[in-house]
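Observations on chain architecture
Next come the chains, spelled out residue by residue.
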2 protein chains.
Amino acid sequence: MPTPPSYADVESAAARLDGQAHRTPVLTSRRVNGEIGARLFFKCENLQRMGAFKFRGAFNALARFDAGQRRAGVVTYSSGNHAQAVALAARILGIPATIVMPHDAPAGKLAATLEYGAQIVGYDRYTEDREEIGRELAAERGLTLVPPYDHADVMAGQGTAAKELFEDVGELDALFVPLGGGGLLSGSTLAARALSPGCRVYGVEPEAGDDGRQSLRGGAIVHIATPRTIADGAQTQHVGELPFEIIRRDVDDILVASDAELVEAMRIFAATMKIVVEPTGCLGFAGVRRLGREVSGQRIGVIISGGNIDLDRYAAMLAGPWSARG
Amino acid sequence: MPTPPSYADVESAAARLDGQAHRTPVLTSRRVNGEIGARLFFKCENLQRMGAFKFRGAFNALARFDAGQRRAGVVTYSSGNHAQAVALAARILGIPATIVMPHDAPAGKLAATLEYGAQIVGYDRYTEDREEIGRELAAERGLTLVPPYDHADVMAGQGTAAKELFEDVGELDALFVPLGGGGLLSGSTLAARALSPGCRVYGVEPEAGDDGRQSLRGGAIVHIATPRTIADGAQTQHVGELPFEIIRRDVDDILVASDAELVEAMRIFAATMKIVVEPTGCLGFAGVRRLGREVSGQRIGVIISGGNIDLDRYAAMLAGPWSARG
């Protein structure tokens, strides 16, 4: 049975990623600090290669393939950032990549994945099970499956972002991390426990699907229907088993944020900090804003997970009927 | 008669700004590099305090006030980033600030200026001369006038952005800088000549008003009517006298960019690099794209001057009828 990674695995991942992933900047804003009444440090994985932290985990996992695995290739399923991350990492490492994506995935995402040289296998998201298709392709073609989060090497890679954050700014009172399948949250938690032992760690998930919170509070993974939320990177039906082992042990709490709160955070990021953040990437900051006075005077880390959003959709959210004050 | 600053003044400015201005990140994008066929280094002054490089020059100028000047206060005229920059620098230094702004300035800019604690004196931009009002206020109230660009301390402060860029990435083949009144371009040129002597320096101004190019080619400052362009930070009628002494001597060429090219650059910044850049801030990159193959294989610096743009206007430009391919 697979075991979850340790912080030593995060350190090994960091060595593998050196020179491949950007060491993304940590941004601060006195205006935001003033409004929250705390000191916030934003780790900007929207400025990572291919626009999201997912490159870290994918590259770390693929870099560990042996010669036979490299020749045969990798397969994964994703309609989001993990697809592009695997495609890009595979191209860099010279590994053939096959990505299982829904027929109706956004044209931009299909194009970006093809551009990185990956093969796409389509499926019908209403009648077919992408995980099963992935497993079948792996078995038939001898490919290695690298799932989006339930994988020790992926989790260890994702933890390198928080590692860099703590290295850059020192210990923190609390860290806020977007939560979908739990790869980023579990990896970040490993880094926090090692580098800032007193730091509280919060996962933040969409209010429309609080399976993570239910799972943490109940002590067992809860499955839900795909939540309806603009945070498409966190539309998971359940947390992964390996991530949950770390989350259950070391995460302090799971918070939720509504779509309106995500848009509000997105507008603040654009207007005040001049960065483009996708809805899922706004979860951490929205979680801080929910806690409000509870974090007053503290040093707070926020992981911005990504910035990949169709420009028309982004423009509509910036200009749309969402009120800046909720 | 005032004399233009030297690189030693840029170094002194950097010491004054240490701990006050952000050392803004230098971002790179493999995708952009691939499209241009060169290595681009973007100095992100849109991530500077108050959202633009203007804070550097304003703070440097105000930090040099003597005790009497500090007590009496500062006055300036600006409808743009310089107003907020002076207001913020004045607040930090405890200096009373008076800003001459048009009655019909955007409410957001008026609010931001007031929020920094400055006093606003309104004027009618169609019937009154803001420079005259500024000079009168200075004379009547004993205030020190800090104009937006035609001032040695302002120019020296603006040069610190390029200084940081060269320190971070080493020598470059060419540097592209937005051009309005010439404060940023002249300061950047001082840094380039000192830190990367072989680097070509280009100013880039709106196509609608190519007074800078005419001035450089003719050897004397050309005055024009206020150009109609979305690059509101570069709607100057002429280059400043002090900046022009440096520009004439050491700038290699002045390029122009159309509004459509600025929007295209803005969309690339948002979609590929995940940063919000105001139209004026897109001038440098638009200049690189104009030169195209001429910069092939080279190491190119681009100064992004600012990111202050009303969100509704920004959203309209991202979503609007502008084609991504021109």
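Residues numbered from 1 in each chain as written. Chains lettered and ligands numbered in written order. Predicted model: local features only at pLDDT ≥ 70, side-chain atom pairs only at ≥ 80, totals over all residues. Heavy atoms only, no water.

The next subject is the packing of aromatic side chains. Residues and elements named next belong to chain A. Inspection of every chain in the model, using the stated rule, returns 10 aromatic pairs over all chains. On the basis of an interplanar angle of 85° and a centroid distance of 5.6 Å, the ring pair of phenylalanine 42 and phenylalanine 269 is categorised as edge-to-face. On the criterion of sequence distance, the pair formed by phenylalanine 42 in strand β2 (residues 39-44) and phenylalanine 269 in helix α12 (residues 259-273) is long-range, its members being 227 residues apart. Grouping residues by exposure puts phenylalanine 42 and phenylalanine 269 together as buried. Joined through ring pairs, the aromatic side chains of Phe42, Phe269 and Phe285 make up one cluster. Positioned over the ring face of phenylalanine 285 is arginine 289, at 5.8 Å from the centre of the ring. (Phe/Tyr/Trp six-rings, centres within 6.5 Å; stacked < 30°, edge-to-face > 60°. Helix = DSSP H or I, 4+ residues; strand = E, 2+ residues; numbered from the N terminus. Buried < 20%, exposed > 50% of the residue type's maximum accessible area, 1.4 Å probe, protein only. Lys NZ or Arg CZ within 6 Å of the ring centre and 35° of its normal.)

A common way to report how large an interface is uses the accessible area buried once the components associate. On the side of chain B, 29 residues touch chain A, which itself brings 29 residues to the contact. For the pair chain A and chain B, the two sides together bury roughly 2400 Å², of which 57% comes from carbon and sulfur. Among the residues of chain A in contact with chain B, Arg30, Lys274 and Leu311 of chain A are the three that bury the most area, contributing 29% of the side total. Here chain A and chain B share two salt bridges between them. With its nearest N and O atoms 2.9 Å apart, the salt bridge here joins glutamate 115 of chain B to arginine 31 of chain A. The interface formed by chain A and chain B contains 10 residue pairs in polar contact (both at pLDDT 80 or more). (Contact = heavy atoms within 4.5 Å. Buried area = accessible area lost by both parts, 1.4 Å probe. Salt bridge = Lys/Arg side-chain N within 4 Å of Asp/Glu carboxyl O. Polar contact = N/O pair within 3.5 Å; in protein donor to acceptor, adjacent residues only side chain to side chain.)

A separate point is the confidence of the model for chain A. Residue and element names in this part refer to chain A. The predicted model of chain A has a mean per-residue pLDDT of 94, with 98% of residues at 70 or higher. Between residues 322-326, whose pLDDT stays under 50, and residues either more than four places distant or in other chains, the model counts 10 contacts. For this predicted complex, the interface score ipTM comes out at 0.90, alongside a pTM of 0.93. (pLDDT = per-residue confidence, 0-100.)

Once chain A is rotated about the relating axis by 180° and shifted along it by 0.0 Å, it coincides with chain B to within an RMSD of 0.0 Å. Both chain copies can therefore be described as sitting about a two-fold axis. (Least-squares fit on C-alpha atoms with pLDDT ≥ 70 in both.)

Another point: the packing of helix α8 (residues 152-169) of chain A against helix α9 (residues 183-195) of chain A. Any two packed helices are characterised by the angle at which their axes cross and by the distance between the axes. Residue and element names in this part refer to chain A. The N-to-C vectors of α8 and α9 enclose an angle of 45°; their axes lie 7 Å apart at closest approach. In terms of orientation, α8 and α9 fall into the oblique class. Between α8 and α9 lies a crossing whose hand is right-handed. Each of Met155, Gln158, Gly159, Ala162, Lys163 and Phe166 in α8 lies in contact with α9, whose residues at this interface are Gly183, Leu184, Ser186, Gly187, Ser188, Ala191, Ala192 and Leu195. Looking at the contact of α8 with α9, its residues break down into seven nonpolar, six polar and one charged. (Axes fitted to C-alpha atoms, helices over the stretch in contact; angles between N-to-C directions. Parallel < 35°, antiparallel > 145°, perpendicular 65-115°, else oblique. Left-handed = near helix turned anticlockwise from the far one by under 90°. Nonpolar A, V, L, I, M, F, W, Y, C, P; charged D, E, K, R; others polar.)

All names here are of chain B. With respect to the element layout, serine 305 can be found in the loop between β10 (299-304) and α14 (311-319). For serine 305, a relative accessible area of 5% translates into the label buried. Sequence-distant contacts of serine 305, that is, excluding residues within four places in its chain, are made with Glu45, Asn46, Gly51, Ala52, Phe53, Pro178, Leu184, Thr280 and Gly281.

Here we take up helix α6 (residues 107-115) of chain B. Taken as a whole, α6 of chain B has its buried residues at Lys109, Ala112 and Thr113 of chain B. Across the axial projection of α6 of chain B, the buried residues extend over an arc of 100°, all falling on one side. (Arc of directions from axis to C-beta.)

All names here are of chain A. Along the chain, the position of serine 196 falls in the loop between α9 and β8 (200-206). When its relative accessible area of 0% is taken as the criterion, serine 196 is described as buried. Through-space distance from the C-alpha of serine 196 to that of glycine 142 is 42 Å; in sequence the pair is 54 residues apart. Not counting residues up to four positions away in its chain, the partners in contact with serine 196 are Phe166, Glu171, Leu172 and Ala191.

Turning to the environment of leucine 184 of chain A, a few remarks are in order. Residues and elements named next belong to chain A. Within the fold, leucine 184 resides in helix α9. On the basis of relative accessibility, which here comes to 4%, the residue leucine 184 falls in the buried class. Put simply, leucine 184 and glutamine 20 are 164 residues apart on the chain and 18 Å apart in space, counted from C-alpha to C-alpha. When near neighbours in sequence (up to four residues on either side) are disregarded, leucine 184 contacts Phe53, Gln158, Val177, Pro178, Ile303 and Ser305.

We now examine helix α1 (residues 7-17) of chain A. All names here are of chain A. When we look at burial in α1, the residues that qualify are Tyr7, Val10, Ala13 and Leu17. End-on, the buried residues of α1 take up no more than an arc of 105°, which puts them together on one face. In this structure, the buried side of α1 is in contact with α3 (54-63), α8 and α9. Looking one or two residues past α1, glycine 19 carries a phi angle of roughly 85°, positive in sign.

On to the state of the cysteines. The full count for this structure, using the stated rule, is zero disulfides over all chains. Between cysteine 282 of chain A, a cysteine without a disulfide, and cysteine 44 of chain A, which holds the nearest cysteine sulfur, the sulfur-to-sulfur distance is 11 Å. Residue classification places cysteine 282 of chain A among the buried positions, given a relative accessible area of 0%. Unpaired in this structure, cysteine 199 of chain B has its nearest cysteine sulfur neighbour in cysteine 44 of chain B, at a distance of 17 Å. Cysteine 199 of chain B gets classed as buried once you look at its relative accessible area, which sits at 1%. (Disulfide = S-S within 2.5 Å.)

This part takes up the pairing of strand β5 (residues 119-123) of chain B. Residue and element names in this part refer to chain B. Bridge count between strand β4 (residues 97-102) and β5: five bridges; the pairing is parallel. For methionine 101, the partnering residue across the bridge sits in β5 and is glycine 122. Crossover connection from β4 via α6 to parallel β5: handedness right-handed. (Pairing = 2+ DSSP bridges. Right-handed = clockwise from strand over helix to strand, strands pointing away.)

It is worth spelling out a negative patch on the surface at this point. Residue and element names in this part refer to chain A. On the surface, a cluster of negative charge is made up of Glu128, Asp129, Glu132, Glu136 and Glu140. Inspection of the secondary structure puts glutamate 140 in helix α7 (residues 130-141). For glutamate 140, a relative accessible area of 61% puts it in the exposed group. (Patch = residues over 30% accessible without salt bridge, like charges linked within 9 Å, V, L, I, M, F, W, Y side chains within 5 Å. Areas by Shrake-Rupley, 256 points an atom, 1.4 Å probe, with all protein chains shown as cover. Lys, Arg positive; Asp, Glu negative; His and termini not counted. Charge placed at Lys NZ, Arg CZ, Asp CG, Glu CD.)

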